[in-house]
Amino acid sequence: MGKLRMVLPPFSPDYSGVCSALFSFGKRGITVLHDAAGCTGNYTGYDEPRWYHSKSPVYCSGLREIDAILGDDEKLMEKVIEAEETLKPELIALVGSPVPMVVGTDMEGIAADLEGRTGIPVFGFDTTGLGSYQQGIELVYRKVLCRMLSEMEEKEVALEKSAGNKGVVNILGATPLDFGGSGTVEELCRLLEQDGWQVQTVLYQESSREQILQIRYADCSVVVSGAALSFANYLKQNFGIPYITKLPFGEAYAKVWLRELEACVFNKDREDTSKEAKGWEKEPVRGLVLGEQIQSEAIRDGLWEAYKIRADVGAVCGFYPETAQNGEVFLEEEAEIEQAINRESYEFVVGDPLYQGLLRKPKRFIPYAHYALSSKMGQKWEDCLIGSRLESKIQL
Amino acid sequence: MKRKKTLEYNCPSYGGWGMVRSGMLVPESCQLFVSPPACGRHGALGAVRQGFKDRLFYLCLEESDIVSGYDQAILETTEELFLRLLHRPKVLLIFVSCLDDLIGTDGEAVVEALSERFPDVKFRMCHMNPLANDSEEPPLVSLWKNVYSLMERKKEQPEKKINVIGSYRPVSQESELFSFLKYAGIEEICHIGNCRNYEEFRDMGNNCMNLVAAASAQKAAEEIWKKNGMEYLNLPVSYHFEKIEENYMLLWKKLAELGMHKKEKETLVEELLKNRKKDAVAAVALAKEKVSGRKIYLDDSAFAAPFAAARFLLESGFLVGAVYVSEWNESDADYQWILENTDTEICNVRVYTMVEDWKTEADTVAIGLEAAYISGSDYVVSLFQDEGMYGFEGVTQLMRRIIDCMTEKADLPALIEQSGFVV
C-alpha cells in the first residue's frame, strides 16, 4: 500500500530526470511530456532552474480525457510532426506520465512510428511519475547516449587532446536536480583544469552532437551522481574508459580524490580502491549525510579527511550498491528518513533543510540543499563544497 | 483567427493558485493528496512557500495501488493521519489526480465510509485533473462545487448578508459595493477568505444570496440553489463603466425580489455610483497621463475576462499591444470587437512557437506575469484573476496599480517567486 507522507514534498519524478538530462541537447532536441499540463508544470516550474529565459524546446502534449480514453495516439503524433517540420530538430523525445501509464500508451511504439515518419531519431520513455528523477536520467544515458555512440561512424568525430595535459575527462551525471545553481559543476571543471586535466564533455550545459560523441575518446569518466553509473560501466566495457566516482569535497579530500583520478587513468589495471578501508573502522559514527548517494559519499569522505569524523550516508531517490560502503543505507520512505535522522548516536545531520521538519529533538543540522527535494525553496542553502569550501561551510 | 491544437509551451510565469492553495481557503481544513508522488510535487512546494504545508499530506500511490484500486488505502491512511495529527481537522479535502478519472474510484462511497467513521469531520472528494480542462467540469469548477457545498443552511429566515463566491480574495473594503449593499439593507459581505474558522464559513449558508464574482463558481451557486433555494446572481468583475452600472442595476433588482429593496435609498445609490464613477474616470485620466502612450500588454492570468479588460483599456484611450491568452471563446463579443476594430495582437500563449515570439519591449507596461515575461516589460502589475477589485473602485484600483508599477522597474523573477504560482 502507498505510504503516508506528513512532512516532505515528493522528490523530483522520473520524467523530470529525463527532461533535465535532455536539456543538454538544447534546441537540437524536442522533448514532449505526454500529459495534460501539471506534469510539465512540475518540471518547468520546480525541477528546472535553467528554464527562465531558456528556449529549450520542452513541451506539453496537452493530453485530454477523450484522447486518453480512446487511445488516440495519432493526435500526439500529428502535433509532434508539425513541430518537427517547423523546428527541424536532430532528435525527439516522448516522455510518459501517470495517465499514459494507466491507459497503457506504448511510448516506445509511438516513438518508433514517429521515427519512421520523420526520419530522425525518436526516443520513447515509459516514465510514470512513480519513479525517481535518477531513474529518468539513467534512462536518457542508456537510451539516447548509448545509441548515439553505438551508431556513430568510426571517424565521424575526433578528439584533439591538448598537449601537456594529464588526460581527458568527461563529467557524467551532473544535472541541476542534484546541484541546483550551486556552481559545483563549474567549480569541479575549474579544479580539474587547474590540476592539468582536459575537461571534455560535461552534459550539464548545452552540448553539441560532436561533444557528445567525443565522450568515447576520454581517458576517464568522473561520475558525480548514481544515475550515471550504468552509463560509465557501458563506456568502460565498450570503450575501455575507466571511471571514478564522487567529488573532491574539502581541501584534504580533494588531494586524495585527484590522486585516485590519476591512478585510475595511469594504472588502469589497478584494483578499485575506492571501497577500501579508510582507517575509520574503529571510530564511532557521529553524523548522517542525507541526499543523493554519490554526492553524500563525497561529503562523508570530505568530512573524514578534514576532521577524522565519521558519518553514515543515507541515500535517497536511488541506491547503487556498487559504490556503497558500510554504514550506507537506502532511505526510501519518509518514515525511514525520520527514523534515521532521529537516531540518538548521530550528533549532526547534513542534508536538505526540509529534513529538519522530521527532527523530534533539536540536533545540529547543517543545511545543504538538494534541488530534487526543496527546489527553489532551498536556494538559500545551495552550496559548492569543492576544494576548501567544505571546510569553510562545515566546521566540526 | 483559427486556433490550432499544438504542442504546448509553459512560460516560466505560467500558473495560478492551483488546487491546493484554493482548497486551503476552507478554514480549519486539511488535505490528503492521493496520487503518484509526481502529481503532488508542485502543490507541496507551493504549500511550503505559502506556509501551509502542515495542513497538506500525501498518500503516495504505488503501482500495485493503481492496479488494484486504492479506496481501502484512503480509508486506512485517513485513519493513520488522524492518529498522527495533534488536532483532527474539521474538514478533510481528499484530492485525487488525473489518473483517477480513468480508474474511477468510488469517491462517494469513500466519503460515506469516512463520514460514518469520523462524524465530526466533513469529507469532500476533490479532483486535481487538468486532463478535464476542456470538459464541462474543469478542475476549478469542480473544486468550488466541493468547497461551497460545505456552507450549510440552518436558519429558515436568511441573514441580511451576501456571499461573494468564486474570487480568490475578498472584495476590497474600499469598493462602493459595501455602501451600495448597505443602502439595500445588507449588513455584511461575506467571503471565504475572511472567515476566521470553519463555523463562520459553514454559516455563510444562512445568508440571503451568492454573488458569483467569477464564472468558475457558477455551477457551485447553481447546485446550492437547487439544494436549498439560496439565490444567486452572476455578476463577474468588469471594468467597463456601462457594464458596472448594468451589474448594479441587476443586483438592485435581485435584492428587490428578495424583499431587501429600499426605495427611499435609490437617490443615495445613484449619488454613490455617480461619485464613484467620477473617481474612476479621474483615475483613468491620471493613469493615461502617467503611461503616456506606452503600450500595455495583458494576459488571462491577470484578468478572468482579458478581452473585456483590453477593450476597456482601448476604449479609454490606452494602447494595448497584445492580449496573451491560453483558452478562449471565439464568439466572445469583446474578442470580436478587438479583432475588428484594433491592431492589438491576440496571442495563444500556450502554442509551442511562442518561445520564438518573446519581445524585448522594456518601456511598456504589463498586467499579469505571463504578459510581463513575453513582452519584456519593465513595468509590471502583478495581478491574479482581478483579485479583490470590484465595481468602479475596481477600475480606480487598477489604474492606481498601473501608476504605482511605473515608479520602478520590476524584478520579474522575484515577482514570479513571490506569486507561488503552480500549473
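Read on for a plain summary of the structure. (Residues numbered from 1 in each chain as written. Chains lettered and ligands numbered in written order. Predicted model: local features only at pLDDT ≥ 70, side-chain atom pairs only at ≥ 80, totals over all residues. Heavy atoms only, no water.)

### Here's the deal with the overall build of chain A
Moving on, step 1. Within chain A, the regular secondary structure consists of 16 helices and 14 strands.
Moving on, step 2. Overall size of chain A, expressed as C-alpha extent along the three principal axes, is 65 × 55 × 35 Å.
Moving on, step 3. Taking all 396 residues of chain A together, 64% fall into the buried category.
Moving on, step 4. Put simply, of all contacts in chain A between residues at least 6 apart along the chain, 72% involve residues at least 24 apart.
Moving on, step 5. About 14500 Å² of surface is accessible on chain A, with carbon and sulfur atoms providing 47% of the total.
Moving on, step 6. With 42 positive and 60 negative side-chain charges, chain A shows a spacing of 5 Å between the two charge centroids. (Helix = DSSP H or I, 4+ residues; strand = E, 2+ residues; numbered from the N terminus. Buried < 20%, exposed > 50% of the residue type's maximum accessible area, 1.4 Å probe, protein only. Contact = heavy atoms within 4.5 Å. Areas by Shrake-Rupley, 256 points an atom, 1.4 Å probe, with all protein chains shown as cover. Lys, Arg positive; Asp, Glu negative; His and termini not counted. Charge placed at Lys NZ, Arg CZ, Asp CG, Glu CD.)

### Quick look at the sheet that holds strand E1 (residues 29-35) of chain B
Moving on, step 1. With respect to topology, five strands assemble into an open sheet ordered E1(A)-E2(B)-E1(B)-E3(B)-E4(B), the strand pairing being mixed. Two strands close off the open sheet at either side, each with one partner strand: strand E1 (3-5) of chain A together with strand E4 (122-128) of chain B. Looking at each pair of strands side by side, their axes are set apart by 20 degrees on average, direction ignored.
Moving on, step 2. Alignment of strand E3 (residues 91-97) of chain B against E4(B), held across seven bridges, turns out to be parallel. Opposite Leu93(B), over in E4(B), you have Arg124(B) as the bridge partner.
Moving on, step 3. Docked against the sheet, helix H2 (residues 37-50) of chain B engages E1, strand E2 (56-60), E3 and E4 of chain B, running at close to 165 degrees with respect to E2(B). (Pairing = 2+ DSSP bridges. Axes fitted to C-alpha atoms, helices over the stretch in contact; angles between N-to-C directions.)

### Some details on a nonpolar patch on the surface
Residue and element names in this part refer to chain A.
Moving on, step 1. A cluster of nonpolar side chains, namely Ile66, Ile69 and Leu70, defines an oily patch on the protein surface of about 330 Å² accessible area.
Moving on, step 2. Relative to the assigned elements, Ile66 resides in helix H3 (residues 65-70).
Moving on, step 3. Judged by its relative accessible area of 48%, Ile66 is partly exposed. (Patch = residues over 30% accessible without salt bridge, like charges linked within 9 Å, V, L, I, M, F, W, Y side chains within 5 Å. Salt bridge = Lys/Arg side-chain N within 4 Å of Asp/Glu carboxyl O.)

### Let's talk about the pairing of strand E11 (residues 345-348) of chain B
Moving on, step 1. In terms of strand pairing, strand E10 (residues 319-325) of chain B meets E11(B) through four bridges, oriented parallel. Residue pairing across strands places Val325(B) opposite Asn348(B), the latter belonging to E11(B).

### A closer look at the interface of chain A and chain B
Moving on, step 1. Contacts between the two partners involve 63 residues from chain A and, on the opposite side, 64 residues from chain B.
Moving on, step 2. At the junction of chain A with chain B, the criterion picks out six salt bridges.
Moving on, step 3. Linking Asp47(A) and Arg41(B) is a salt bridge whose minimum nitrogen-to-oxygen distance equals 2.8 Å.
Moving on, step 4. Counting every contact that joins chain A to chain B gives 22 residue pairs in polar contact (both at pLDDT 80 or more).
Moving on, step 5. Broken down by secondary-structure element, the contributors of at least two residues to the side of chain A that touches chain B are E1, helix H2 (38-47), strand E3 (58-60), H3, helix H4 (73-87), helix H5 (98-103) and helix H15 (371-374) of chain A.
Moving on, step 6. Here the side of chain A that touches chain B gets seven residues from one element, more than from any other, and that element is H2(A).
Moving on, step 7. For the side of chain A that touches chain B, a count of residues per class yields 36 nonpolar, 15 polar and twelve charged.
Moving on, step 8. For E1(A) and E2(B), the ladder comprises three bridges, and the chain directions are antiparallel. Looking across to E2(B), one finds that Lys3(A) is bridged to Cys60(B). (Polar contact = N/O pair within 3.5 Å; in protein donor to acceptor, adjacent residues only side chain to side chain. Nonpolar A, V, L, I, M, F, W, Y, C, P; charged D, E, K, R; others polar.)

### Comments concerning the environment of Leu273(B)
Residue and element names in this part refer to chain B.
Moving on, step 1. Within the secondary structure layout, Leu273 lies in helix H12 (residues 266-291).
Moving on, step 2. Separated by 118 residues in the primary sequence, Leu273 and Gly391 have C-alpha atoms spaced 9.2 Å apart.
Moving on, step 3. The contact partners of Leu273, leaving out residues within four places of it in the chain, are Glu176, Phe180, Tyr248 and Phe392.

### Some thoughts on the packing of helix H1 (residues 14-22) of chain A against helix H7 (residues 133-151) of chain A
Residues and elements named next belong to chain A.
Moving on, step 1. Relative orientation of the contacting elements H1 and H7 amounts to 45 degrees, with a least axis distance of 6 Å. Between H1 and H7, the angle falls in the class oblique. Read as a crossing pair, H1 and H7 show a hand that is right-handed. Taken together, the residues of H7 that come into contact with H1 (itself represented by Asp14, Gly17, Val18, Ala21 and Leu22) are Tyr133, Gly136, Ile137, Val140 and Val144.
Moving on, step 2. Here the contact of H1 with H7 is composed, by residue class, of seven nonpolar, two polar and one charged. (Parallel < 35°, antiparallel > 145°, perpendicular 65-115°, else oblique. Left-handed = near helix turned anticlockwise from the far one by under 90°.)

### Describing the nonpolar core
Moving on, step 1. Residues Leu94(A), Phe125(A), Phe231(A), Tyr355(A), Tyr148(B) and Phe201(B) are the most contacted members of the largest nonpolar core, which totals 149 residues.
Moving on, step 2. Ranked by residues supplied to this core, first place goes to H7(A) with ten residues.
Moving on, step 3. Membership of the second largest hydrophobic core comes to 66 residues, among which are Ala184(B), Met209(B), Val237(B) and Leu255(B). (Core = buried A, V, L, I, M, F, W, Y, C linked by side-chain atoms within 4.5 Å.)

### Topic: the side chain of Thr245(A)
All names here are of chain A.
Moving on, step 1. Along the polypeptide, Thr245 turns up in strand E9 (residues 243-245).
Moving on, step 2. Residue Thr245 is classed as buried on the basis of its relative accessible area, which comes to 9%.
Moving on, step 3. Discounting chain neighbours no more than four positions away, the residues touching Thr245 are Val223, Leu229, Trp257, Ile294 and Thr323.

### Describing the packing of aromatic side chains
Centre-to-centre distance and the angle between the planes together describe a pair of aromatic rings.
Moving on, step 1. Under the defined criterion, the tally for this structure stands at 30 aromatic pairs over all chains.
Moving on, step 2. Here the aromatic rings of Trp17(B) and Tyr168(B) are separated by 4.8 Å at their centres, their planes lie at 55 degrees, and the arrangement is tilted. Here Trp17(B), found in the segment before helix H1 (18-23), pairs with Tyr168(B), found in the loop between strand E5 (159-165) and helix H8 (176-183); they are 151 residues apart in sequence, far enough to count as distant.
Moving on, step 3. According to the relative accessible area criterion, Trp17(B) is buried, its value standing at 9%.
Moving on, step 4. Since its relative accessible area comes to 11%, Tyr168(B) is described here as buried.
Moving on, step 5. In this structure an aromatic cluster arises from ring pairing among Trp17(B), Trp144(B), Tyr148(B), Tyr168(B), Phe201(B), Phe384(B) and Phe421(B).
Moving on, step 6. Its guanidinium or amino end placed over the ring of Phe125(A), Lys143(A) lies 5.2 Å from that ring's centre, counting from NZ or CZ.
Moving on, step 7. Directly above the aromatic system of Tyr46(A) lies the positively charged group of Lys376(A), at a separation of 4.8 Å from the ring centroid. (Phe/Tyr/Trp six-rings, centres within 6.5 Å; stacked < 30°, edge-to-face > 60°. Lys NZ or Arg CZ within 6 Å of the ring centre and 35° of its normal.)

### Structural notes on the sheet that holds strand E2 (residues 29-33) of chain A
Residue and element names in this part refer to chain A.
Moving on, step 1. Strand order in the open sheet formed by four strands is E3-E2-E4-E5, and the pairing between neighbours is parallel. Edge positions in the open sheet fall to E3 and strand E5 (122-125), since each of these has one partner strand only. Pairs of neighbouring strands in the sheet enclose a mean axial angle of 20 degrees, with direction left out of account.
Moving on, step 2. Pairing between E2 and strand E4 (residues 91-95): five bridges, direction parallel. Bridge assignment links Thr31 to a residue of E4, and that residue is Ala93.
Moving on, step 3. Against the sheet, H4 makes contact with E2, E3 and E4, and its axis sits at roughly 155 degrees relative to E2, the strand it touches most.
Moving on, step 4. Against the sheet, H7 engages E4 and E5, with an angle of about 160 degrees to E5.

### Concerning a negative patch on the surface
Moving on, step 1. A cluster of like negative charges, contributed by Asp106(B), Glu108(B), Glu112(B) and Glu116(B), occupies part of the molecular surface.
Moving on, step 2. Relative to the helices and strands, Glu108(B) resides in helix H6 (residues 107-117).

### A look at unusual backbone geometry
Moving on, step 1. If you check the backbone angles, Lys246(A) has positive phi at about 70 degrees while not being a glycine.
Moving on, step 2. Within the secondary structure, Lys246(A) is located in the loop between E9 and helix H12 (251-266).
Moving on, step 3. One non-glycine residue, Glu28(B), lies in the positive phi region at around 55 degrees.
Moving on, step 4. Following the sequence through the fold, Glu28(B) ends up in the loop between H1 and E1.
Moving on, step 5. Residue Glu28(B) is classed as partly exposed on the basis of its relative accessible area, which comes to 36%.

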